[in-house]
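Architecture at a glance
Next come the chains, spelled out residue by residue.
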Amino acid sequence: MHTLEFTVLVGMGSLLAGFLGSLTGLGGGVVIVPLLTLLFHVDIRYAIGAALVSVIATSSGAAAEYVKEGYSNIRVGMFLEIATTVGALVGAALALHLHASVIAIIFGVALIYSAIAGMREKPDGAGDAGPDRIATWLRMDSTYPTPAGKQKYHVRGVPLGFGIMFGAGILSGLLGIGSGAVKVLAMDQAMKLPFKVSTTTSNFMIGVTAAASAGIYLSRGYIDPGIAMPVMLGVLAGSLVGARILAGATVRSLRLVFTVVIGFLAVEMIYKGFFGRL
């Protein structure tokens, strides 16, 4: 495959990845890593390096729109970034010492769990379970826009969410996925945030998490500009389109996309990992 063909095809795939990542809060990296490794046969560590760059681009592109529209919970995002950033540094250090097949299998298992958990539906107003002492002290309760006007919600389970976010950070550094899947589930299931708030706050957070681990990959030479550039541009464009569509999307459709995409990619990554085809 010629360089121009490779660049165009990677850019088109990254456009779709950014679109899906923006809509679901996954961050694009969850599609980029399998795309590069399975379809273009890129070494998984270089794929992770490019994915981390794309995750930063997704966060930069979509997060600004979501903050302006009033979806993202800035206080929740900034507080949880403490856990994810430390975890990302730990995960990036681990990734440099594990075989590619092992990383692929861990990637797949994490995504299967995310797909199963993502199918559990919670009414979008289920966050109104009353105030939580820690969340109230940190002033995390907020509102988000709905067709009927601004809807109030309460944040719950702050310690549990903080612990899950540390694990999400490790996955981000280890797998280059931004760990948006785990972030969304932590905020949606553990902290009882409305689903749209969870996905948009995840997009706000993933850039900082990815930047922490990207530095380690850069220092080891695993970020190739020839791969990272088309990936970054494609994901950035896709994330901006996704940000504009999110407001009109239903929670049920977002969960369906979330589950189908990561479930399919999980099976592929585990299969390739077990049979040593990465």
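Residues numbered from 1 in each chain as written. Predicted model: local features only at pLDDT ≥ 70, side-chain atom pairs only at ≥ 80, totals over all residues. Heavy atoms only, no water.

What follows covers the packing of helix 4 (residues 74–95) against helix 9 (residues 195–219). Running from N to C, helix 4 and helix 9 cross one another at 30 degrees; their axes reach a closest spacing of 8 Å. When the axis of helix 4 is compared with that of helix 9, the two are roughly parallel. For the element pair helix 4 and helix 9, the recorded crossing hand is right-handed. Taken together, the residues of the contact of helix 4 with helix 9 break down into 16 nonpolar, six polar and one charged. (Axes fitted to C-alpha atoms, helices over the stretch in contact; angles between N-to-C directions. Helix = DSSP H or I, 4+ residues; strand = E, 2+ residues; numbered from the N terminus. Parallel < 35°, antiparallel > 145°, perpendicular 65-115°, else oblique. Left-handed = near helix turned anticlockwise from the far one by under 90°. Nonpolar A, V, L, I, M, F, W, Y, C, P; charged D, E, K, R; others polar.)

Taken as a whole and judged by the stated rule, the model has five aromatic pairs. With a centroid separation of 5.2 Å and an interplanar angle of 45 degrees, the aromatic rings of F79 and F162 are classed as tilted. One end of the pair, F79, is in helix 4; the other, F162, is in helix 7 (residues 158–175), and 83 residues separate them in sequence. Aromatic ring contacts, followed pair by pair, group Y46, Y217 and Y222 into a single cluster. (Phe/Tyr/Trp six-rings, centres within 6.5 Å; stacked < 30°, edge-to-face > 60°.)

Bringing helix 4 into the picture now. Its 22 residues place the ends of helix 4 30 Å apart at the C-alpha level, agreeing with the 32 Å of an ideal helix rising 1.5 Å per residue. At E81, helix 4 is deflected by roughly 35 degrees, the largest bend along its length. Within the span of helix 4, buried status applies to V76, G77, L80, E81, A83, T84, G87, A88, G91, A92 and A95. Taking the backbone nitrogen of R75 as reference, a side-chain oxygen 3.3 Å away marks N73 as the first, capping residue of helix 4. (Expected span 1.5 Å × (residues − 1). Bend = angle between axes of the 7 residues up to and from the residue. Buried < 20%, exposed > 50% of the residue type's maximum accessible area, 1.4 Å probe, protein only. Polar contact = N/O pair within 3.5 Å; in protein donor to acceptor, adjacent residues only side chain to side chain.)

On the surface, L4, V8, L9 and M12 cluster together into a nonpolar patch covering about 400 Å² of accessible area. Following the sequence through the fold, L4 ends up in helix 1 (residues 3–24). (Patch = residues over 30% accessible without salt bridge, like charges linked within 9 Å, V, L, I, M, F, W, Y side chains within 5 Å. Areas by Shrake-Rupley, 256 points an atom, 1.4 Å probe, with all protein chains shown as cover. Salt bridge = Lys/Arg side-chain N within 4 Å of Asp/Glu carboxyl O.)

Here the focus is the side chain of T84. On the secondary structure map, T84 appears in helix 4. T84 sits in the buried class, given a relative accessible area of 0%. Sequence-distant contacts of T84, defined by excluding residues within four places in its chain, comprise M165, G169, K183, M205 and T209. (Contact = heavy atoms within 4.5 Å.)

Pairing between strand 1 (residues 142–146) and strand 2 (residues 149–153): five bridges, direction antiparallel. Bridge assignment links T143 to a residue of strand 2, and that residue is K152. Counted along the chain from strand 1 to the antiparallel partner strand 2, the turn is two residues long. (Pairing = 2+ DSSP bridges.)

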